[in-house]
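Residue-level structural notes
Chain by chain, the residues:
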Amino acid sequence: NAGVTQTPKFRVLKTGQSMTLLCAQDMNHEYMYWYRQDPGMGLRLIHYSVGEGTTAKGEVPDGYNVSRLKKQNFLLGLESAAPSQTSVYFCASRRQGWTFFGQGTRLTVV
Amino acid sequence: AQSVAQPEDQVNVAEGNPLTVKCTYSVSGNPYLFWYVQYPNRGLQFLLKYITGDNLVKGSYGFEAEFNKSQTSFHLKKPSALVSDSALYFCAVRDPDRDDKIIFGKGTRLHILP
C-alpha cells in the first residue's frame, strides 16, 4: 500500500517550459488536492477535485491546470513555467476526515 | 471563506517545559480542525483532528489540542517538550457545510532548546 505517490521528486525547468506533476493514490479516495509550500506562506491550495472528472480552483490557481481523468490520479500542469512557480508542491488525498499527503515535489524554475 | 491564523512564526521552549502553538480559525459553519507536523525535507504528518465531540483531542507523540468555539481557537499543546519535537507545525481547517477545501495556516516553527 503506497498511499500517495508524487512523481517526480525533483525537477529543474527553464522559464517557459511546460511540465506535468503526477499524484497517484491507491486508497480509492474521492478527494484530491494540490498545494504549494513557500517559506513564510505555509501551504496554499492550488486546485482540488471532489471526484473523477471534476476539478475546482483553490486559493492560487493562476498559471496551473489540473485534470482528474482517473480516480486514482490527479495531474498538475504548468503550461509555461515562471520563476514565481519555484516551490515545493504537495499532493493530498482525503476520505471522510482523513487526509494523506505525498512526500512533495521540489520544482525550481530558472 | 474559511481561514486559519497562526500568530507566531516561531516558538522557543526549553526541553521538559510545556509547549503551546496557537491557532485561530474563521469559518461560517462548524469547523473540522487539524494539526500537522513537518520535519525537514519531509512531507506532512497528521497529528490530530477535531470533528465533533470532546473539545480536548489527543493525538500522536503526546500532543493534544483544545477546541474553543467561543474563542475560535484550536491551540496545540504538550505537557513536556522533547528536542525531537522541533519541527514546523501547521493548523488547518475545513468548513464541511460550505465546500471541500482544506485551508492551512502559515505554519509555526517550534524550537525545543536542550
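A brief report on the enclosed structure follows. Being a predicted model, the structure only gives us computed values, none of them experimental.

Within chain B, the regular secondary structure consists of zero helices and 12 strands. The linear arrangement of helices and strands in chain B, starting from the amino end, is β-β-β-β-β-β-β-β-β-β-β-β. For 114 residues, the compact-globule formula gives about 13 Å, and the C-alpha radius of gyration of chain B, at 14 Å, lands near that figure. Principal axes of the C-alpha set define a box for chain B whose edges measure 45 × 30 × 20 Å. Across the 114 residues of chain B, 46% fall into the buried class. A fraction of 57% describes how many contacts in chain B between residues 6 or more apart in sequence connect residues 24 or more apart.

Across the boundary between the two partners, chain A contributes 23 residues, which contact 20 residues of chain B. Summed over both sides, the interface of chain A with chain B buries roughly 1,700 Å², with 56% coming from carbon and sulfur. Here chain A is connected to chain B by one salt bridge. Put simply, Asp 100 of chain B and Arg 94 of chain A hold a salt bridge, and the shortest N to O gap is 3.2 Å. The tally of links between chain A and chain B comes to four residue pairs in polar contact (both at pLDDT 80 or more).

All right, on to the nonpolar core then. Membership of the largest hydrophobic core comes to 45 residues, with the highest contact counts inside it found for Phe 101 of chain A together with Trp 35, Leu 48, Tyr 89 and Phe 104 of chain B. The element contributing the most residues to this core is strand β10 (residues 87-94) of chain B, with seven residues. The contact partners of Leu 48 of chain B, leaving out residues within four places of it in the chain, are Leu 33, Phe 34, Trp 35, Val 57, Lys 58, Gly 59, Phe 63, Glu 64, Ala 65, Phe 74 and Leu 76 of chain B.

Our focus in this paragraph is the pattern of salt bridges. Under the defined criterion, the tally for this structure stands at seven salt bridges over all chains. Residue Lys 71 of chain A is joined to Glu 30 of chain A by a salt bridge in which the shortest nitrogen-to-oxygen separation is 2.8 Å. Linking Lys 71 of chain A in the loop between β7 (65-67) and β8 (73-78) with Glu 30 of chain A in the loop between β3 (19-25) and β4 (31-38), this pair joins segments that are 41 residues apart in sequence. Note that Lys 78 of chain B is salt-bridged to Asp 85 of chain B, the shortest N-O span being 2.8 Å. On the basis of relative accessible area, Lys 78 of chain B is assigned to the buried category, the value being 8%. Asp 85 of chain B gets classed as buried once you look at its relative accessible area, which sits at 4%. Each of Arg 36, Asp 38 and Arg 44 of chain A takes part in one network of salt bridges that share partners.

Moving on: the environment of Leu 44 of chain B. Relative to the elements of secondary structure, Leu 44 of chain B occurs in strand β6 (residues 44-50). The exposure class assigned to Leu 44 of chain B is buried, which follows from its relative accessible area of 8%. In contact with Leu 44 of chain B, other than residues within four places in its own chain, are Leu 43, Phe 90 and Phe 101 of chain A together with Tyr 36, Val 37, Gln 38, Phe 90 and Phe 104 of chain B.

Taken as a whole and judged by the stated rule, the model has 15 aromatic pairs over all chains. Between Tyr 35 of chain A and Phe 101 of chain A, the ring centres sit 6.1 Å apart and the planes meet at 40°, which makes this aromatic pair tilted. Of this pair, Tyr 35 of chain A sits in strand β4 while Phe 101 of chain A sits in strand β10 (residues 98-101), and the two are 66 residues apart along the sequence. Both residues of the pair, Tyr 35 of chain A and Phe 101 of chain A, belong to the buried class. Taking the centre distance of 5.6 Å and the plane angle of 50° together, the rings of Phe 63 of chain B and Tyr 89 of chain B count as tilted. You can see Phe 63 of chain B sitting in the loop between β7 (56-58) and β8 (64-68) and its partner Tyr 89 of chain B sitting in strand β10, a full 26 residues away along the chain. In this structure, Phe 63 of chain B and Tyr 89 of chain B share a single accessibility class: buried. Counting every residue linked through ring pairs, the aromatic cluster contains Tyr 33, Tyr 35, Tyr 48, Trp 98 and Phe 101 of chain A together with Phe 34, Tyr 36, Phe 46, Phe 90 and Phe 104 of chain B. One cation-aromatic arrangement involves Arg 94 of chain A over Tyr 31 of chain A; the distance from NZ or CZ to the ring centre is 3.9 Å. Positioned over the ring face of Trp 98 of chain A is Lys 49 of chain B, at 3.6 Å from the centre of the ring.

Reading the values: rules and limits
Residues numbered from 1 in each chain as written. Chains lettered and ligands numbered in written order. Predicted model: local features only at pLDDT ≥ 70, side-chain atom pairs only at ≥ 80, totals over all residues. Heavy atoms only, no water. Helix = DSSP H or I, 4+ residues; strand = E, 2+ residues; numbered from the N terminus. Rg over C-alpha atoms; globule rule 2.2 N^0.38 Å. Buried < 20%, exposed > 50% of the residue type's maximum accessible area, 1.4 Å probe, protein only. Contact = heavy atoms within 4.5 Å. Buried area = accessible area lost by both parts, 1.4 Å probe. Salt bridge = Lys/Arg side-chain N within 4 Å of Asp/Glu carboxyl O. Polar contact = N/O pair within 3.5 Å; in protein donor to acceptor, adjacent residues only side chain to side chain. Core = buried A, V, L, I, M, F, W, Y, C linked by side-chain atoms within 4.5 Å. Phe/Tyr/Trp six-rings, centres within 6.5 Å; stacked < 30°, edge-to-face > 60°. Lys NZ or Arg CZ within 6 Å of the ring centre and 35° of its normal.

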